[in-house]
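Tertiary structure, described
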Amino acid sequence: MKSLIAIQNTGTSVVKISKIYLTNTQTTAVTGVVANIRLQRIASFTGGTSLSAFPHNTLYTLPSGITFATGATFASESALFRESYWSSDEWGTGTVDVEAQDHTQQEFQPWYYTQDNEEPITLIQNQGLHVKCNTNTAAGAFTITIVFRVDPT
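Bear in mind the structure is a predicted one, so any value in this text is a computation, not a measurement. (Residues numbered from 1 in each chain as written. Predicted model: local features only at pLDDT ≥ 70, side-chain atom pairs only at ≥ 80, totals over all residues. Heavy atoms only, no water.)

Remarks on the overall build of the protein chain
What counts is decided by this rule: Comment: elements are numbered from the N terminus, with helices defined as DSSP H or I runs of at least four residues and strands as E runs of at least two. For a compact globule the rule gives 2.2 Å times the number of residues to the power 0.38, and the radius of gyration it is set against comes from C-alpha atoms. Note on classification: 1.4 Å probe, protein chains only; a residue is buried when its accessible area is under 20% of the maximum for its type, exposed when over 50%, partly exposed between these limits. Here, Shrake-Rupley sampling with a 1.4 Å probe gives the accessible areas, and only protein chains in the shown set may cover a residue. Two residue types count as positive, namely Lys and Arg, and two as negative, namely Asp and Glu; His and chain ends fall outside the count. Charged groups are reduced to one reference atom each: NZ for lysine, CZ for arginine, CG for aspartic acid, CD for glutamic acid.
Looking only at helices and strands, the protein chain has 1 helix and 12 strands in total. Starting at the N terminus and ending at the C terminus, the protein chain contains elements arranged as β-β-β-β-β-β-β-β-α-β-β-β-β. The C-alpha radius of gyration of the protein chain comes to 16 Å, within 12% of the 15 Å expected for a compact globule of 153 residues. Its C-alpha atoms give the protein chain principal-axis dimensions of about 50 × 30 × 30 Å. Looking at the protein chain residue by residue over its 153 residues, the buried ones come to 37%. Total accessible area on the protein chain is roughly 8700 Å²; 51% of this is exposed by carbon and sulfur atoms. Separation of charge centres in the protein chain, based on 8 positive and 12 negative side chains, amounts to 10 Å.

Structure below.
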């Protein structure tokens, strides 16, 4: 089991997550597995490899206390927002296979998103969220994009 990406908010701003894209980017031949992928609230995380956020507006600076990591150790999982099963096999050119078919959908449709007038997942101070591969495997590679906004308190 591995936290693929985690976000935590230790600051006083409010983080509102509206979309998450989950794309299988495995292109080297591997014998994949059916991976159980979960989106869950966490209290916090430690360690892992730090990731940087890229704002749509280059004049915007992310407030302090909002951090991202991959491969982090997480604490206190709770609410399960989404659970799905994805192939970790490679996809590529040639004969159309399941992974190649799935890839098109993954590129254009968010894995998680809020509907009109639906409250987004909201992270107040000392709350976090992560996307976790709940299957014990090293096969596969995924790119995860989290679309969010930060509101001042």
